[in-house]
Amino acid sequence: MDELIYTLKQQIIEALNLEDMKPEDIDENASLFGEGLGLDSIDALELIVMMEKNYGIKLKDPTQGKEIFKSVAVMADFIAKNRTK
Amino acid sequence: MTKPILITGSGVVSAIGCGKAQTLDALLNNRTGVGPLVYLKTEHKEFPVGEVKMSDDEMRKLMNISDNAIATRTALMGMIALDEALKEAKITAEMIPNIGFISGTTVGGMDMSEQFYLDYVNNENHKEYIAVHDCGSCSEMTAEHFGKFAFVTTLSTACSSAANAIILGANMIRNGEADIVVVGGSECITKFHLNGFNSLMILDTQWCRPFDATRAGLNLGEGAAYLVLESEESAKKRGVKAQAILSGYGNACDAFHQTASSPDGEGAFRAMKEALKLADIQPDRIDYINAHGTGTPNNDLSESYAVKRLFGENVPPMSSTKQFTGHTTSASGSIEAVFCILALQNGFLPVNLNWSQPMDDGIVPVHQSVKKELKHVLCNAFGFGGNDSSLLISNTSTSSVTDLHVSEFPEPVEGPLYVLSAKQISVQQPLSEDWMSQPIVYQESFNRSIDPSYKDYISPIEARRMGKILKRAIATSKEAIKASGLETVDAIITGTGYGCIENTEFFLNALSKDGEQMLSPTYFMQSTHNTISSLVAIQTKNHGYNVTYAHKSISFDSALQDAVLQMRLGKINSALVGGHDEMTPTFYNILKKGGMMGHDDEMCGEAAVSVVLGTKSDDYLCKLVNFKMLHKPTMDKLKTVATEFKADFIMTGISGNNKSDEAYLAETKELFGNAKLLKYKHLFGESFTASGLGFYVAAQCLKSGKIPAHLFANPNDITDDKPSNILIFNHSDSNNYSLTLLEA
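Everything numeric in this text was worked out from a predicted model, so none of it was measured. (Residues numbered from 1 in each chain as written. Chains lettered and ligands numbered in written order. Predicted model: local features only at pLDDT ≥ 70, side-chain atom pairs only at ≥ 80, totals over all residues.)

Notes on the overall build of chain B
Then, in step 1: Along chain B, the regular secondary structure elements total 24 helices and 25 strands.
Then, in step 2: Since a compact globule built from 744 residues should have a radius of gyration of about 27 Å, the 24 Å found for chain B is in line with a globular shape.
Then, in step 3: Referenced to the eigenvectors of the C-alpha coordinate spread, the extents of chain B come out at roughly 75 × 60 × 50 Å. (Helix = DSSP H or I, 4+ residues; strand = E, 2+ residues; numbered from the N terminus. Rg over C-alpha atoms; globule rule 2.2 N^0.38 Å.)

Here is the structure:
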């Protein structure tokens, strides 16, 4: 799981163009949206694309993202359970 | 004392029919045009769409377009609608040179670019389509089919483009600059924006359900519509009758988010309120609202909220007609304005089809056929970036009764306007006037701008998604507002020839190489032209008038014209006018292949210019005393206009393109005799909004009281004399002209 979390952090940094950040800077239990990293609805859409590209998970409804993108840890857990690649 | 704006003709084509007769029949009989995809070549067959039920070839045949002539689908639909509008208004070919044409579009020639993009990059095939990629070409192609209009320009504010074209036309008539202006918009469905809307996850795989609790997104549509706007005197003189009156209109910016409407519907509320105020009509006089009503969860909730803010408990009958046509994006403002005219003329309320469950906090739309005499109706059109507009259309009985005062409209403001500040980011030192004494000289034929650090202007979290053009626009805008001494401006008006070409390229590239899956919503969202103006509004929290022009080399000039017009009308006291274009190596090579850049000694650059204009000031760079734009004028007409623009110095746009420079210089000599000629493109490069840099250079010269020797086209003319005026004479291929007279 730790490896997936680390990889995921790298993929988030790349997908969201968080140029000045390193995986170590992201707390996997902190909230990604709102007060955490300060991401918005377009970032959520980019994360949906990222999950489909890298893990073969296709979300049909963007509001599902609200639960899944709570934190990197929650996201990793969801990916581990649902990945198709 | 304000004159009503008459609508003396209108024409429409959409999924529910070609022409007003078919359209009315479909509206009265609740017959939708939304269905499975037929004409667009895409793998996304899962989305229902509202296509115009004709192939490109069938449209070409209908409009008698010869087999070898280039025509994009947007232009073809535009011609069909324009033809009907001109015929209805009894406008003959002889009248066209005295009539303006203003069109709204965002996709322009994208239907061709998305098919041939890899050819443009890799080989010589289909290179004749490169020149019709942009929005302006599309409007000109539509216009040229009928003759040489007196002026042509293009609004590109995403889904409110056509509504804003209508507003500009009305303002021009109000200010006495034209008797007749044909206004509207056209947009075909493309793979580009179908995939773009899909990446934003706002397309419904079922028939859309605006204002319904179960709504889950929009269906895309396509079409075109134009209205003939005319002054009362002109209509009387010609003996034509009005179909309806454009009695009010409003434009405001939500300044909230690039793709979402604010929860309180601020932009929509302000736009509707302004439309009512202009017509001096109380909310209880409105008989019907044609909603923007796209069917996305966000739009319908925000629009409901805005309407309730304005109308309280007494919301008038309201419906969305997007279930008939799909969302016709840039054309929706004029298509739905025609629906409103038909409703006024025939006394009925268009039904909000496919509605069954009220949404929480939403309006309850018209869901059954109702016959009702209508007097005043509102027509809403909202665009990405919060470019919100509302039109108030009234039946013809209002022209003869006194209930339409239009009292809020002030007398025109005479006298000069003031250029309060001007800032640039270009291939010269950014945000500085170092080019006056230490110009940077380039040898390469394509150079990109020198970017300053943007940290002082944009937070890193915001900057990470922005293309270069956006960062430059925000930095120059913030610097220009600061230098103007004003706390805020009344309007933000932007011109861009090609818009956010970097993100357009990323999206086109992914679409062409990787296919129609997993595309980046960021690239799409940043590809629309009005992203620039709306981001500046978001960054400066500005809810004022906000539009974007995308018309070739007169994009900046068109923005300037709008600012001048609204100041003359007394509608605004200040405006931020921008001219922004970026260029990527790939697109530079494409444009070179298309014969549009890279001629002879010409240097291609990038332009970001922000200018603040004001009606009053005692601390300014220079005064703006006269402005005029012309499309394909005769030499006689040019000569007449030139007499009002006498100047000692003329800022020319000679660029190192031998053939066009020669013609340019000959024409300048014929028009202005011995005035001393200046140049700036050898330092700043050619770009679609280079004329903005020409304006900036002239303004700075007048402020400093000196013209640097390196700006003189002819060394014999060099002088230390303090310039008292400079005319910026912008002209491209004898097509579009603009004249801007600045005085010290």
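So, the overall build of chain A
Then, in step 1: Regarding its fold elements, chain A presents four helices and zero strands.
Then, in step 2: Computed over its C-alpha atoms, the radius of gyration of chain A comes to 12 Å, within 12% of the 12 Å expected for a compact globule of 85 residues.
Then, in step 3: Projected onto the principal axes, the alpha-carbon positions of chain A cover approximately 30 × 25 × 20 Å.
Then, in step 4: A total of 85 residues make up chain A; the buried ones form 25% of that total.
Then, in step 5: For chain A, contacts bridging at least 24 residues in sequence account for 62% of all contacts bridging at least 6. (Buried ≥ 20, exposed ≤ 12 C-beta atoms within 10 Å, placed from the backbone. Contact = placed C-beta atoms within 7 Å.)

Here's the deal with the domain arrangement of chain B
Residues and elements named next belong to chain B.
Then, in step 1: According to the domain assignment, chain B contains domain 1 (5-400) and domain 2 (417-743).
Then, in step 2: If you average the C-alpha positions of domain 1 and of domain 2, the two centres end up 29 Å apart.
Then, in step 3: Contact with domain 1, which involves 55 residues of that partner, is made by 49 residues of domain 2.
Then, in step 4: Mapped by element, the contributors of at least two residues to the side of domain 1 that touches domain 2 are helix H4 (110-122), helix H5 (135-144), strand E5 (151-155), helix H6 (161-174), helix H7 (191-199), strand E9 (244-253) and helix H9 (266-279).
Then, in step 5: For the side of domain 1 that touches domain 2, the leading source of residues is H4, giving six residues.
Then, in step 6: Within the side of domain 1 that touches domain 2, the residues separate by chemical class into 22 nonpolar, 24 polar and nine charged. (Domains from an automatic or database assignment. Nonpolar A, V, L, I, M, F, W, Y, C, P; charged D, E, K, R; others polar.)

Re the nonpolar core
All names here are of chain B.
Then, in step 1: Ranked by size, the top nonpolar core spans 261 residues in total, and within it Ile166, Val377, Ile393, Val419 and Leu613 carry the most contacts.
Then, in step 2: Two domains each provide a minimum of three residues to this core, namely domain 1 (5-400) and domain 2 (417-743).
Then, in step 3: Non-local contacts of Leu613, meaning those with residues more than four positions away in its chain, are made with Leu417, Tyr418, Val419, Leu420, Ala563, Met567, Ser574, Ala575, Val577 and Leu624. (Core = buried A, V, L, I, M, F, W, Y, C linked by C-beta atoms within 7 Å.)

Some words on the pairing of strand E8 (residues 223-231) of chain B
Residue and element names in this part refer to chain B.
Then, in step 1: Among the nine residues in E8, nine count as buried, and that is most of the element.
Then, in step 2: Residues Gly223, Ala225, Leu227, Leu229 and Ser231 point to one face of E8 and Ala224, Tyr226, Val228 and Glu230 to the other, with burial holding for every one of them.
Then, in step 3: Relative to E8, strand E1 (residues 5-14) is paired through nine bridges, and the arrangement is antiparallel. By the bridge assignment, Gly11 is partnered in E8 with Tyr226.
Then, in step 4: In the sheet, strand E6 (residues 180-187) pairs with E8 via eight bridges, with the strands oriented antiparallel. Each bridged residue has a counterpart across the sheet, and for Gly184 the counterpart in E8 is Tyr226. (Pairing = 2+ DSSP bridges.)

Some words on the interface of chain B and chain A
Then, in step 1: Taken together, the contact between chain B and chain A spans 14 residues of the former and 13 residues of the latter.
Then, in step 2: When contributions to the side of chain B that touches chain A are tallied by element, the ones reaching two or more residues are helix H14 (460-463) and helix H17 (521-525) of chain B.

A word on the environment of Thr668 of chain B
All names here are of chain B.
Then, in step 1: Secondary-structure assignment places Thr668 in helix H22 (residues 658-672).
Then, in step 2: Separated by 89 residues in sequence, Thr668 and Gly579 have C-alpha atoms that sit 24 Å apart.
Then, in step 3: Non-local contacts of Thr668, meaning those with residues more than four positions away in its chain, are made with Ile650, Thr652, Leu677 and Phe729.

Focus on helix H10 (residues 297-311) of chain B
Residue and element names in this part refer to chain B.
Then, in step 1: For H10, built from 15 residues, the straight-helix expectation of 21 Å at 1.5 Å per residue is met to within 8% by its first-to-last C-alpha distance of 21 Å.
Then, in step 2: The set of residues buried in H10 consists of Asn299, Asp300, Ser302, Glu303, Ser304, Tyr305, Ala306, Val307 and Leu310.
Then, in step 3: On the buried face of H10, the contacting elements are H9, strand E10 (288-290), strand E11 (318-319) and strand E14 (376-383).
Then, in step 4: Just downstream of H10 lies Gly312, where phi reads positive at about 60°. (Expected span 1.5 Å × (residues − 1).)

Let's talk about the packing of helix H3 (residues 73-88) of chain B against H5 of chain B
All names here are of chain B.
Then, in step 1: Put simply, H3 and H5 touch, their axes get as near as 8 Å, and they point 40° apart. By the angle between their directions, the pair H3 and H5 is classed as oblique. Handedness of the H3/H5 crossing: right-handed. Across the interface between the two elements, Thr74, Ala75, Gly78, Met79 and Leu82 from H3 touch Cys138, Met141 and Thr142 from H5.
Then, in step 2: Residue classes in the contact of H3 with H5 are distributed as five nonpolar, three polar and no charged. (Axes fitted to C-alpha atoms, helices over the stretch in contact; angles between N-to-C directions. Parallel < 35°, antiparallel > 145°, perpendicular 65-115°, else oblique. Left-handed = near helix turned anticlockwise from the far one by under 90°.)

Focus: helix H4 (residues 72-82) of chain A
One full turn of an α-helix is made of 3.6 residues, so residues set three or four places apart face in the same direction.
All names here are of chain A.
Then, in step 1: For H4, the set of buried residues is Val72, Met75 and Ala76. Viewed end-on, H4 has its buried residues packed into an arc of 100°, placing them on one side of the element.
Then, in step 2: Where H4 is buried, its residues contact helix H1 (2-15) and helix H3 (65-68). (Arc of directions from axis to C-beta.)

Concerning the confidence of the model for chain B
Then, in step 1: In the predicted model, chain B carries a mean pLDDT of 95, and 98% of its residues have values of at least 70.
Then, in step 2: Predicted as a complex, the structure gets a pTM of 0.97 and an ipTM equal to 0.93. (pLDDT = per-residue confidence, 0-100.)

Focus: unusual backbone geometry
Residues and elements named next belong to chain B.
Then, in step 1: Phi angles above zero are rare outside glycine, and His126 is one such case at about 55°.
Then, in step 2: Its location among the elements puts His126 in the loop between H4 and H5.
Then, in step 3: His126 sits in the partly exposed class, given 15 other C-beta atoms within 10 Å.
Then, in step 4: Here the phi dihedral of Ala158 falls at roughly 55°; this positive angle occurs in a residue that is not glycine.
Then, in step 5: Ala158 sits in the buried class, given 26 other C-beta atoms within 10 Å.

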